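For reference, the chains in residue letters:
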Amino acid sequence: MKRIILFLLTNLAVMVVLSVAWFVISKVFGLGVTMDKTGINYGSTLVLAAVFGFGGSLISLLMSKWMAKRSVGAEVIEQPRNEAERWLLQTVERQAKMAGIGMPEVAIYDSPEINAFATGASRNNALVAVSTGLLANMTRDEAEAVLGHEIGHVANGDMITLTLIQGVVNTFVIFFARIVGYFVDRVLLKNQGDGPGIGFYVTTIVAEIIFGILASIIVMWFSRQREFRADEAGARFAGRQKMIAALERLKLNYDMPAQLPAQMTAFGISGHRGSLGRLFMSHPPLDERIAALRHGQSSGFGARAGTVQ
């Protein structure tokens with residue numbers, strides 16, 4: 001789950017910081033004020049919500065590679081030091097050419113967990129990272145399929161699509177949080193001043209956090225659909241049986257404690273069931289993914305099986 005949880009938390013943090021900046025600018029400089037004692041200006045509020053909402057997701061996207069490297073301590077392979085690193089570079093290079101994308105950075109991070117992830121701001125500016133646990137516990141065929149899965153995420157433009165979805169979600173989170181803040185400030189707290197009171201600011205920030213968590217259901221749904229397409233990409237680049245074998249290996253190690261930081265879980269190959277149920281799962285159950293591959297099915301927005309777009 002690592003890629004998407006990291007993106008979500010970074011996005012939420014950036015969005016809250018931008019909202020505080022919005023409050024300061026509105027209060028001190030009188031710019032961007034969207035409400036006064038006469039009521040709330042819905043048009044201006046929606047426009048500014050879109051600016052800040054898409055701003056938060058775009059900043060998260062641009063920071064994604066840097067955050068990923070920092071969060072797991074990934075070491076980028078500049079010059080291969082052994083045969084395993086040489087094989088990694090050659091395999092990623094070959095699959096990137098097959099997918100028609102630029103060569104991603106390739107990194108290894110220290111973790112006993114069998115996992116890998118890909119992230120980056122564009123198809124030609126990506127990072128593919130694998131754990132030491134994956135290299136130690138998977139066969140070359142299985143690891144090749146996992147790398148193909150991650151290259152599929154990059155080739156499918158999943159991070160760009162996620163950014164657009166998150167921008168739309170952010171816009172409505174910010175917009176409705178301000179409506180709730182205005183209601184609490186004016187109706188419940190009876191503030192009759194020329195501008196919003198402290199109740200508006202506190203309520204808005206709390207509402208943004210709550211709405212942001214609920215809105216993550218949409219992003220997690222998107223994540224689950226994209227996993228099927230990435231599996232199909234792994235089948236295309238490495239072979240269907242290799243991809244099935246890789247998922248079955250993950251299933252055997254399913255109970256191993258996750259070592260990746262929580263904010264990076266949605267970016268990984270394996271994914272784990274969350275305690276809040278399927279709505280908050282970034283990955284479909286492994287049994288469903290294996291069954292889809294065996295039946296040649298793809299659940300990625302109607303895409304043909306084995307097609308990378």
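Residues numbered from 1 in each chain as written. Predicted model: local features only at pLDDT ≥ 70, side-chain atom pairs only at ≥ 80, totals over all residues. Heavy atoms only, no water.

## Concerning the pairing of strand β4 (residues 105-109)
Phase 1 of the analysis: With 4 of 5 residues buried, β4 is to be regarded as a mostly interior element.
Phase 2 of the analysis: Here strand β3 (residues 75-76) pairs with β4 via 2 bridges, running antiparallel. Of the residues in β4, the one forming a bridge with E75 is I108.
Phase 3 of the analysis: Summarising the sheet, β4 and strand β6 (residues 125-131) pair through 5 bridges and their orientation is parallel. Bridging across to β6, I108 finds its partner in V130. (Buried < 20%, exposed > 50% of the residue type's maximum accessible area, 1.4 Å probe, protein only. Helix = DSSP H or I, 4+ residues; strand = E, 2+ residues; numbered from the N terminus. Pairing = 2+ DSSP bridges.)

## Focus on the environment of D110
Phase 1 of the analysis: Positionally, D110 belongs in the loop between β4 and β5 (116-122).
Phase 2 of the analysis: Residue D110 is classed as exposed on the basis of its relative accessible area, which comes to 69%.
Phase 3 of the analysis: Taking C-alpha positions, D110 is 7.5 Å from A74, a pair spaced 36 residues apart along the chain.
Phase 4 of the analysis: Side chain to side chain, D110 and T132 meet in a polar contact 3.2 Å long. (Polar contact = N/O pair within 3.5 Å; in protein donor to acceptor, adjacent residues only side chain to side chain.)

## Concerning the pattern of salt bridges
Phase 1 of the analysis: Taken as a whole and assessed by the stated rule, the structure comprises 17 salt bridges.
Phase 2 of the analysis: Of the charged contacts in the structure, one is a salt bridge between K242 and E144, with a shortest N-O distance of 2.9 Å. Of the two residues, K242 is situated in helix α8 (residues 240-252) and E144 in helix α5 (residues 140-155); the sequence distance between them amounts to 98 residues.
Phase 3 of the analysis: Of the residues examined, K242 reaches a relative accessible area of 24% and is grouped as partly exposed.
Phase 4 of the analysis: A salt bridge links R240 to E232; the shortest N-O distance between them is 3.0 Å.
Phase 5 of the analysis: One network of salt bridges, with partners in common, ties together R94, D141, E144 and K242. (Salt bridge = Lys/Arg side-chain N within 4 Å of Asp/Glu carboxyl O.)

## Quick word on helix α3 (residues 83-99)
Every α-helix carries 3.6 residues per turn, so stepping three or four residues along brings you back to the same face.
Phase 1 of the analysis: Along its 17 residues, α3 runs 24 Å from first to last C-alpha, staying within 8% of the 24 Å computed at 1.5 Å per residue.
Phase 2 of the analysis: Looking only at α3, the buried set comprises E85, W87, L88, L89, T91, V92, Q95, A96 and A99.
Phase 3 of the analysis: For α3, the elements touching its buried residues are β4, β6, α4 (132-137), α5 and α7 (198-238).
Phase 4 of the analysis: Sitting at the head of α3, N82 places a side-chain oxygen 3.2 Å from the backbone nitrogen of A84.
Phase 5 of the analysis: Downstream of α3 by a residue or two, G100 has a phi angle that is positive, lying close to 75°. (Expected span 1.5 Å × (residues − 1). Contact = heavy atoms within 4.5 Å.)

## Focus on the packing of α5 against α7
Phase 1 of the analysis: The interhelical angle for the contact between α5 and α7, taken along N-to-C directions, is 125°, at an axis separation of 7 Å. When the axis of α5 is compared with that of α7, the two are oblique. Once α5 is placed against α7, the crossing between them reads as right-handed. On the side of α5, the interface is formed by E144, A145, G148, H149, I151, G152 and H153, while α7 contributes R226, E227, A230, D231, A233, G234, F237 and A238.
Phase 2 of the analysis: Looking at the contact of α5 with α7, its residues break down into 6 nonpolar, 5 polar and 4 charged. (Axes fitted to C-alpha atoms, helices over the stretch in contact; angles between N-to-C directions. Parallel < 35°, antiparallel > 145°, perpendicular 65-115°, else oblique. Left-handed = near helix turned anticlockwise from the far one by under 90°. Nonpolar A, V, L, I, M, F, W, Y, C, P; charged D, E, K, R; others polar.)

## Quick look at the nonpolar core
Phase 1 of the analysis: Grouped together as the largest cluster of nonpolar side chains are 37 residues, with contacts concentrated most on L88 and L134.
Phase 2 of the analysis: At the level of elements, α3, β4, β5, β6, α5, α7, α8 and α9 (286-294) are the ones that each hand at least two residues to this core.
Phase 3 of the analysis: Tallying contributions element by element places α5 first for this core, with 7 residues.
Phase 4 of the analysis: For L134, the contacting residues outside a window of four places in its chain are E113, I114, N115, A116, A143 and V146.
Phase 5 of the analysis: Residues A68, A74, L127 and A129 belong to the second largest nonpolar core, which totals 9 residues. (Core = buried A, V, L, I, M, F, W, Y, C linked by side-chain atoms within 4.5 Å.)

## Description of the packing of aromatic side chains
Two numbers describe a pair of aromatic rings. These are the distance of the centres and the angle of the planes.
Phase 1 of the analysis: Considering all chains together, one arrives at 5 aromatic pairs under this definition.
Phase 2 of the analysis: A ring pair is formed by F172 and F176, whose centres lie 6.2 Å apart and whose planes are at 20°; its orientation type is stacked. Note that F172 and F176 are positioned in helix α6 (residues 158-188) at a spacing of 4 residues, about one turn of the helix.
Phase 3 of the analysis: A relative accessible area of 43% places F172 in the partly exposed class.
Phase 4 of the analysis: The structure contains a cluster of three or more aromatic residues connected by ring pairs, namely Y42, F172, F175 and F176. (Phe/Tyr/Trp six-rings, centres within 6.5 Å; stacked < 30°, edge-to-face > 60°.)

## Details of helix α2 (residues 42-72)
Phase 1 of the analysis: For α2, which comprises 31 residues, the first-to-last C-alpha distance of 42 Å matches the rise-based estimate of 45 Å (1.5 Å per residue) to within 8%.
Phase 2 of the analysis: Along α2, the sharpest change in direction is near 55° and occurs at S64.
Phase 3 of the analysis: Immediately downstream of α2, the backbone of G73 shows phi near 70°, a positive value. (Bend = angle between axes of the 7 residues up to and from the residue.)

## Some thoughts on the sheet that holds β3
Phase 1 of the analysis: On the basis of which strands lie adjacent, the open sheet formed by 4 strands has the order β3-β4-β6-β5 and mixed pairing. What marks the edges here is a single partner per strand, and that holds for β3 and β5.
Phase 2 of the analysis: Relative to β6, β5 runs antiparallel, the two being bridged by 6 bridges. Paired with S122 across the strands is N125, a residue of β6.
Phase 3 of the analysis: Against the sheet, α2 engages β3, β4, β5 and β6, with an angle of about 150° to β5.

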